Amino acid sequence: MAEDINQLMKVRREKLAVLQEEGKNPFEITKCEVTHHSQEIKDRYGELEGSSVTVAGRLMSKRVMGKASFCNVLDRDGSIQGYVARDEVGEDVYKDFKKFDIGDIVLLEGEVFTTKMGEISIHAKGIKLLSKSLQILPEKFHGLKDTDLRYRQRYVDLIVNSEVRDTFIKRTKIIREIRKFLDDQGFLEVETPVLVPMAGGAAARPFVTHHNTLDEDLNLRISLELYLKRLIVGGLERVYEIGRVFRNEGLSVRHNPEFTLLECYQAFTDYYGMMDLAENLYRQVCQNVLGTTKISYEGVEIDFAKPFERLTMVEAVKKYAGVDFDAIKDVEQARAAAKEHHVEFEDRHGKGDILNLFFEEYVEEKLDQPTFIMDHPVEISPLAKKKADNPDYTERFELFITKREMCNAFSELNDPIDQKERFMKQEEMFAAGDEEAHHLDEDFICALEYGMPPTGGIGFGIDRLVMLLTDSAAIRDVIIFPTLKSIEK
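So, here is what we can say about the structure in this document. (Residues numbered from 1 in each chain as written. Predicted model: local features only at pLDDT ≥ 70, side-chain atom pairs only at ≥ 80, totals over all residues. Heavy atoms only, no water.)

Time to look at the overall build of the chain. When helices and strands are tallied, the chain shows 16 helices and 20 strands. The principal-axis extent of the C-alpha atoms belonging to the chain is close to 90 × 55 × 50 Å. Relative to its 489 residues, the chain shows a buried fraction of 49%. Restricting the contact set of the chain to residue pairs at least 6 apart, pairs at least 24 apart contribute 64%. With an accessible surface of roughly 24600 Å², the chain has 49% of that area assigned to carbon and sulfur atoms. (Helix = DSSP H or I, 4+ residues; strand = E, 2+ residues; numbered from the N terminus. Buried < 20%, exposed > 50% of the residue type's maximum accessible area, 1.4 Å probe, protein only. Contact = heavy atoms within 4.5 Å. Areas by Shrake-Rupley, 256 points an atom, 1.4 Å probe, with all protein chains shown as cover.)

The next point concerns the packing of aromatic side chains. Scanning all chains against the criterion turns up 14 aromatic pairs. Through successive ring pairs, a cluster of aromatic residues spans Y282, F304, F308, F372, F397 and F460. Positioned above the aromatic ring of F97, the side-chain terminus of K62 is 5.7 Å from the ring centre. Directly above the ring of Y227 sits R230, whose terminal nitrogen or CZ lies 4.5 Å from the centroid. (Phe/Tyr/Trp six-rings, centres within 6.5 Å; stacked < 30°, edge-to-face > 60°. Lys NZ or Arg CZ within 6 Å of the ring centre and 35° of its normal.)

Attention shifts here to the sheet that holds strand 7 (residues 195-196). Taken in spatial order, the three strands of this open sheet run 7-9-8, and their pairing is antiparallel. Single-partner strands in this sheet number two, and they are strand 7 and strand 8 (208-211). Note: strand 7 against strand 9 (residues 216-220), two bridges, orientation antiparallel. Across the sheet, L195 pairs through a bridge with L220, a residue of strand 9. (Pairing = 2+ DSSP bridges.)

Each pair of packed helices can be summarised by the angle the axes make with each other and by the distance between the axes. One can describe the packing of helix 10 (residues 271-290) onto helix 16 (residues 462-470) by two numbers: an axis separation of 12 Å at closest approach and a directional angle of 50°. Taken together, helix 10 and helix 16 sit at an angle that is classed as oblique. Taken as a pair, helix 10 and helix 16 cross one another with a handedness that is right-handed. Here Y282, V285, C286 and L290 of helix 10 come into contact with helix 16, specifically with L465, L468 and L469. The class makeup of the residues in the contact of helix 10 with helix 16 is seven nonpolar, no polar and no charged. (Axes fitted to C-alpha atoms, helices over the stretch in contact; angles between N-to-C directions. Parallel < 35°, antiparallel > 145°, perpendicular 65-115°, else oblique. Left-handed = near helix turned anticlockwise from the far one by under 90°. Nonpolar A, V, L, I, M, F, W, Y, C, P; charged D, E, K, R; others polar.)

Right, here's the structure in full:
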């Protein structure tokens, strides 16, 4: 099979050489005038019938039948059929056309009509080779099915799998709609550093690099949080950023080391304000991108028009695991409950950590419908404000849909003394072996000392949102060029 492919590729290169010898080198063409795209012609057929149009795209099929032939041209919107007759385009052009290969980029000009079979098509007055394809596209009826190859050669995946093109077009529309929603709410889009001396704002290991001129190690950011909150201190009040973040962690259907994060911060509100923002954002994006608030993800029906459920983490663990952490008074009782329910923990884990372990073990897999899990333990929430009536817990929530965390939000901690104490506790955890613990950021503490107003903040994983709204099973299906292990040569 490989020999057959190599022979076909050799023939294509020989065809190119002949074209170049004849002064018809397609790679010397610098531009062409395109008047319409395929879907536009179909949508506006009533007014375009009989009109002259010019389309450009990839030749995906060709059926030569003596003096007349049919072909299909794929452009950005889809494909359209061309009818190419020798008597219309001329003998020389038709002769060249018959030598075109599947995958070649062509310009097709002619009149819009409907075939006897009822297919909207272009009756060619001319067809021209714009770029020669020297590779062989996957076989028509089987397409590009090898998952690893699809991710490595996304350009081929986009050519042969229309549903992949649809996913990434929809991704762009989702991000555009998110921006519109936030802009309409008075948020200001900003950009913060990607290379940072201190990678904070999340529990994750950073990628480390070295700046030669400064002779200093720098980190790729793992979060957008700490710089955006500096801007709240500076008085911008409502800010957001959609940007790439980098976490030196494993690969899975839900995780890619490089992914897109949305974080936004609003002064003078709290985590309840962020819940309203999250619920309304999901509802509007779904409606405006998909035309409905109802979706199906892996067979699970979800209607974003319905109010999202709200449970504290204690309530959720009591509901699904039958363990009431309000009745557990200290870490010893928490450990006893964990042993009884076969929840594994480490010596360094406190009561709040063990509550979170119960949640991960018993609750997450039950949360298909949109559910806000509120009031996380202070041990796992170093950047969130403590609840005034119960300082063991924080004003924090995570939104879960289809068993996955979709966003994370706080009433932001704005007490610099409390924040520094929590950073120091995180440093102790790092020294004890927790590689994902936060580090002390002295400049951020300095910013808080100038005074940050009461603030609500939230972070959304854009990729998981796109997965949800496109019914995609893996995060690599919605990241156009996902991280892959290099192929050894």
